[in-house]
Amino acid sequence: MTSSIVMSDCLLGTPCRYDGGAKPVCSKACLRLASRLNTIPICPEMMGGLSCPRPPAERSGDRVLTCEGGDVTDAYTEGARRSLEFAREADAGLAILKSKSPSCGSGCIYDGTFSGVLVPGDGVCTELFRQEGLTVVDEKLVEWCEPTVEHPVAIVLGSGLGALAQRVKVVRRIPYTDIDGFPVEAIPVDGHRFEALVGTIDDVPVVVYPGRIHMYQGYSALEVTSLVRHAHRLGCRSIMLSCASGSVRGVAPGTVGLITDQINLTGQNPLASAEGVAAAELDVPFVPMAGAYSAYLCELARAAAHDAGVDIAEGTYAGLLGPTYETAAEIRALANIEADYVGMSTVCEAIMARALGMQVLGLTLVTNHAGRADNNHAEVLAAADAAAQATQNIALGVLRLLGTAQAE
Ligand code: SF4
């Protein structure tokens, strides 16, 4: 069965706004996303018993007041509660809610003075949804992430995922040696060709990087992240990073892991130099890494896995320098700091992508139990091949859900 989401009804074109729909806010990107998932429309204000049209309202402290001074807090609270019931009944993990609204807004809302000033904060419904563990994003993020030829999705393919490159309808090939900052002497392994493929997968614009270099080969953090900067320069706003990893805390080999957070234990950081800061187009290098893996893309990956019938394990990826595999003591230490997967890539790429403002999705193919004496590269590659199809199905599902404006 198709996965469910909830969405603000006004984003679907329903005239439920306070002004009765005099200012339509329907989002075409949201309409397209809604058509690809089982979408439950909600209007918390109407569900709280408010009329349409109604006086505008804004949050003021812990109350919600209309511009006429009426206190509508109870209606907003009831509407949020009923909306949550709808979300729970549909088993929805993702809510796409209209920005700035005192009920649906996320991240910033009007300040209660009815003067158009925005302040950090959530609407009443968003606040409740977040307390209950739902992911809430607004229509602007959906629009921003929708791939176009100008803004394709970047995909970096790790061990075992090379076959996805064969799905690309290629319009242009870019040798990695033409990529600024990529080391010209680098030689691909495992039959990869070091050339970026610009084109489409199932009509969705993509740039696929089939293979990467690693710091354990002697390359710098800045060099290994040159592909990310290239993708950003090509206009990519979202990037899928895929990799193989070892299991730290019991996830079975052959499982597809959804990376929800990371621990950078490489001792390197691509932003730890003036050159890196400049390459990331930053003034200062202090990039917040909390939430580095896009909650929105994670929800699309969960939906894609559900729809493909693939079980995924979610967890934290620890990046080590390598190239040696981990000792048993190192794996115990990693388990103690709550890492689920361990590998030798991805973390610096995620840092660079985050610094560049990209939405990051991390998929890892769990190839072995880490920390065992018989860990070897052949085992990793064999397991990666065996489970590659499931990972590819999730990646393809995410692309399908992201969709494209230009396919219509
Ligand atoms: S409460 Fe939410 S869904 Fe209803 S009109 Fe306001 S922003 Fe739209």
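1. A look at the overall build of the protein chain
Moving on, step 1. Scanning the protein chain from terminus to terminus reveals 12 helices and 17 strands.
Moving on, step 2. Taken over C-alpha atoms, the radius of gyration comes to 23 Å for the protein chain, in line with the 22 Å a tight globule of 408 residues would show.
Moving on, step 3. With the principal axes as the frame, the protein chain shows a C-alpha extent of 70 × 45 × 45 Å.
Moving on, step 4. In the protein chain, the proportion of contacts linking residues at least 24 apart, taken out of those at least 6 apart, comes to 77%.

2. Some details on the packing of helix α3 (residues 73–89) against helix α4 (residues 124–131)
Any two packed helices are characterised by the angle at which their axes cross and by the distance between the axes.
Moving on, step 1. Put simply, α3 and α4 touch, their axes get as near as 9 Å, and they point 45 degrees apart. When the axis of α3 is compared with that of α4, the two are oblique. α4 is crossed by α3, and the crossing has right-handed handedness. Along its contact with α3, which presents Tyr-76, Thr-77, Gly-79, Ala-80, Ser-83, Leu-84 and Ala-87, the element α4 presents Val-124, Cys-125, Leu-128 and Phe-129.
Moving on, step 2. Of the residues contributing to the contact of α3 with α4, the split by class is eight nonpolar, three polar and no charged.

3. Digging into the nonpolar core
Moving on, step 1. By size, the foremost hydrophobic cluster in this structure holds 128 residues, and its most contacted members are Ala-95, Ile-155, Val-208, Ile-239, Ala-301 and Val-398.
Moving on, step 2. Sorting elements by how many residues they give to this core places helix α12 (residues 377–402) first, with nine residues.
Moving on, step 3. No fewer than three residues from each of domain 1 (4–144) and domain 2 (146–402) sit in this core.
Moving on, step 4. Ignoring anything within four residues of it in the chain, the contact list for Ile-155 reads Leu-164, Val-206, Val-208, Tyr-209, Met-240 and Ala-395.

4. Side note on the domain arrangement of the protein chain
It is common to give the size of an interface as the accessible area that goes away when the parts come together.
Moving on, step 1. Assigned domains of the protein chain: these are domain 1 (4–144) and domain 2 (146–402).
Moving on, step 2. Distance between the C-alpha centres of domain 1 and domain 2: 34 Å.
Moving on, step 3. Contacts between domain 1 and domain 2 engage 11 residues on the former and nine residues on the latter.
Moving on, step 4. If you list the elements that add at least two residues to the side of domain 1 that touches domain 2, you get α1 (28–36), β8 (135–137) and α5 (139–145).
Moving on, step 5. Partitioning the side of domain 1 that touches domain 2 into residue classes produces seven nonpolar, two polar and two charged.

5. Considerations on the sheet that holds β8
Moving on, step 1. Across the sheet, which stays open at both edges, the four strands sit in the order β2-β1-β5-β8 with parallel pairing between neighbours. Of all the strands in the sheet, just β2 (38–42) and β8 have a single pairing partner and so form its edges. With direction set aside, neighbouring strand axes in the sheet form an average angle of 25 degrees.
Moving on, step 2. Two elements, strand β5 (residues 94–96) and β8, share three bridges in a ladder whose sense is parallel. Note that in β8 the partner of Leu-94 across the bridge is Thr-135.
Moving on, step 3. Strands β1 (4–8), β2 and β5 of the sheet are contacted by α3, whose axis makes an angle of about 170 degrees with β2.

6. Some thoughts on the site of the ligand
Moving on, step 1. The local shell around the ligand consists of Ser-8, Asp-9, Cys-10, Cys-16, Arg-17, Cys-43, Pro-44, Glu-45, Lys-98, Ser-101, Ser-103 and Cys-104.
Moving on, step 2. In the shell around the ligand, the residues fall into five nonpolar, three polar and four charged.

7. As for helix α11 (residues 347–355)
Moving on, step 1. Judged by how many residues are buried, α11 sits mostly within the fold: nine of nine residues are covered.
Moving on, step 2. Of the positions making up α11, those classed as buried are Val-347, Cys-348, Glu-349, Ala-350, Ile-351, Met-352, Ala-353, Arg-354 and Ala-355.
Moving on, step 3. Downstream of α11 by a residue or two, Gly-357 has a phi angle that is positive, lying close to 80 degrees.

8. Thoughts on the environment of Tyr-296
Moving on, step 1. Here Tyr-296 lies in helix α9 (residues 295–308).
Moving on, step 2. In this structure, the C-alpha to C-alpha distance between Tyr-296 and Asp-138, residues 158 residues apart in sequence, is 9.9 Å.
Moving on, step 3. Excluding its chain neighbours within four sequence positions, the residues that come into contact with Tyr-296 are Thr-135, Val-137, Leu-141, Cys-145 and Gln-359.

9. Observations regarding unusual backbone geometry
Moving on, step 1. Residue Pro-53 is bonded to the preceding Cys-52 through a cis peptide linkage, with omega at 0 degrees.
Moving on, step 2. For Pro-53, the location among the structural elements is in the loop between α2 (44–47) and β3 (57–60).
Moving on, step 3. Going from Gly-322 to Pro-323, the amide bond is cis rather than trans, its omega being 0 degrees.
Moving on, step 4. One non-glycine residue, Asp-91, adopts positive backbone phi at about 60 degrees.
Moving on, step 5. Here Asp-91 is to be found in the loop between α3 and β5.
Moving on, step 6. We classify Asp-91 as exposed; it has 11 C-beta atoms within 10 Å.
Moving on, step 7. Unlike most non-glycine residues, Lys-100 shows phi in positive territory, near 70 degrees.
Moving on, step 8. The topology assignment puts Lys-100 in the loop between β5 and β6 (108–110).

Conventions and cut-offs
Residues numbered from 1 in each chain as written. Predicted model: local features only at pLDDT ≥ 70, side-chain atom pairs only at ≥ 80, totals over all residues. Helix = DSSP H or I, 4+ residues; strand = E, 2+ residues; numbered from the N terminus. Rg over C-alpha atoms; globule rule 2.2 N^0.38 Å. Contact = placed C-beta atoms within 7 Å. Axes fitted to C-alpha atoms, helices over the stretch in contact; angles between N-to-C directions. Parallel < 35°, antiparallel > 145°, perpendicular 65-115°, else oblique. Left-handed = near helix turned anticlockwise from the far one by under 90°. Nonpolar A, V, L, I, M, F, W, Y, C, P; charged D, E, K, R; others polar. Core = buried A, V, L, I, M, F, W, Y, C linked by C-beta atoms within 7 Å. Buried ≥ 20, exposed ≤ 12 C-beta atoms within 10 Å, placed from the backbone. Domains from an automatic or database assignment. Pairing = 2+ DSSP bridges. Near = placed C-beta within 6 Å.

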